[in-house]
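# Inside the fold
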Amino acid sequence: MTSKLIAPSILAADFGNLQRDVEMVNNSEADWFHIDIMDGVFVPNISYGMPVLKAISQHATKTIDVHLMIVDPDRYIKTFAELGSDILTVHYEACTHLHRTIQAIKAEGMKAGVALNPHTNIKVLEDIINDVDVVLIMSVNPGFGGQSFIENTYNKVKQLKKLIEQKGATTLIEIDGGVTDKNAETLIECGADVLVAGSYVFKSTDQLKTISNLKSAINS
Ligand code: DX5
Ligand code: ZN
């Protein structure tokens, strides 16, 4: 069995000590850096943008997983590739020509991800799943860290896992929002491969231990 992955969300980091928090992730058992980019239009919040990602990339030694919560993401695909993004995830709800967007991401040498809001049915991916490297299922409404996990996510993960198997796809399932030790193992049992964790990691007193415990729990 391939190992299940942890992606700490930098949105919950201490921006006054960003390099320290990036090094913490480098030295931890975490697998990816999850970077949330918000535009204040697609979601009702603005996070950080290109200069901050550039600074993170200069220190990060692990896969950089960028989650774009922005309208018209096609405008910035090349820029995010240049800034060091390894995986670029766009929202299904923000793309009129999703197939074209996915091809454009891959053409820049990145893995292509598609995120689904809590209200968006898995079925919308039926005709495109074989082209998608990662599906990010939002387990909260996008825009803010620290929200409560939506329980219907378990059903969605099971449905998506079934679709991936039916289509013979190799797509990874990533879960984002409200992930803690309370739901992590069930998410993996339902078929998840990657868990994003923001507040649960960064608000804990021993971040390295929190990551290590979560990693062992989902790989036992
Ligand atoms: C929310 C972001 C998440 C967020 C998760 O819009 O996409 O990545 O940082 O934070 P927690 O783990 O605190 O819910
Ligand atoms: Zn995210």
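Refer to the structure presented above.
Residues numbered from 1 in each chain as written. Chains lettered and ligands numbered in written order. Predicted model: local features only at pLDDT ≥ 70, side-chain atom pairs only at ≥ 80, totals over all residues. Heavy atoms only, no water.

## Some thoughts on the site of ligand 1
S9, G143, D176, G198 and S199 are the nearest of the 20 residues found near ligand 1. Take G146: an N or O atom from its main chain is 2.8 Å from an oxygen atom of ligand 1. At a separation of 2.6 Å, an oxygen atom of ligand 1 approaches a polar side-chain atom of D176. Taken by itself ligand 1 offers 390 Å² of open surface, and the protein chains cover 99% of this. Listing elements by their share of the shell around ligand 1, those giving two or more residues are β2 (32-38), β3 (63-69) and β8 (194-197). Top contributing element to the shell around ligand 1 by residue count: β2, with three residues. (Near = heavy atom within 4 Å. Polar contact = N/O pair within 3.5 Å; in protein donor to acceptor, adjacent residues only side chain to side chain. Areas by Shrake-Rupley, 256 points an atom, 1.4 Å probe, with all protein chains shown as cover. Helix = DSSP H or I, 4+ residues; strand = E, 2+ residues; numbered from the N terminus.)

## Some points on helix α8 (residues 207-218)
The terminal C-alpha atoms of α8, which comprises twelve residues, lie 17 Å apart, in line with the 16 Å expected from a rise of 1.5 Å per residue. Every buried residue of α8 is accounted for by Q207, T210, I211, S212, L214, K215 and I218. As for α8, its buried residues are in contact with β1 (5-8), α1 (18-26), α6 (184-190), β8 and α7 (199-202). (Expected span 1.5 Å × (residues − 1). Buried < 20%, exposed > 50% of the residue type's maximum accessible area, 1.4 Å probe, protein only. Contact = heavy atoms within 4.5 Å.)

## Some remarks on the side chain of T101
Here T101 lies in helix α4 (residues 98-107). Leaving out residues up to four positions away in the same chain, T101 has contacts with D74, I77, V90 and C95.

## Observations concerning the packing of α1 against helix α2 (residues 50-59)
Relative orientation of the contacting elements α1 and α2 amounts to 45°, with a least axis distance of 9 Å. Classified by the angle their axes make, α1 and α2 are oblique. Handedness of the crossing formed by α1 with α2: right-handed. Mapping the contact onto sequence places L18, Q19, V22, E23 and N26 in α1 and V52, I56 and H59 in α2. When grouped by side-chain class, the residues that make up the contact of α1 with α2 number four nonpolar, three polar and one charged. (Axes fitted to C-alpha atoms, helices over the stretch in contact; angles between N-to-C directions. Parallel < 35°, antiparallel > 145°, perpendicular 65-115°, else oblique. Left-handed = near helix turned anticlockwise from the far one by under 90°. Nonpolar A, V, L, I, M, F, W, Y, C, P; charged D, E, K, R; others polar.)

## Comments concerning the packing of aromatic side chains
Evaluated as defined, the whole model comprises two aromatic pairs. Here the aromatic rings of F15 and Y48 are separated by 5.7 Å at their centres, their planes lie at 75°, and the arrangement is edge-to-face. Placement of the pair is F15 in the loop between β1 and α1 and Y48 in the loop between β2 and α2, with a sequence separation of 33 residues. (Phe/Tyr/Trp six-rings, centres within 6.5 Å; stacked < 30°, edge-to-face > 60°.)

## Observations concerning the pairing of strand β7 (residues 172-176)
Each regular strand displays side chains that alternate between the two surfaces of the sheet. Across the five residues of β7, four count as buried, placing the element largely inside the fold. Taken together, strand β6 (residues 134-138), helix α5 (residues 153-167) and β7 form a β-α-β motif whose crossover is right-handed. You can see the chain leave β7, run along α6 and come back into β8, and the turn it takes is right-handed. (Right-handed = clockwise from strand over helix to strand, strands pointing away.)

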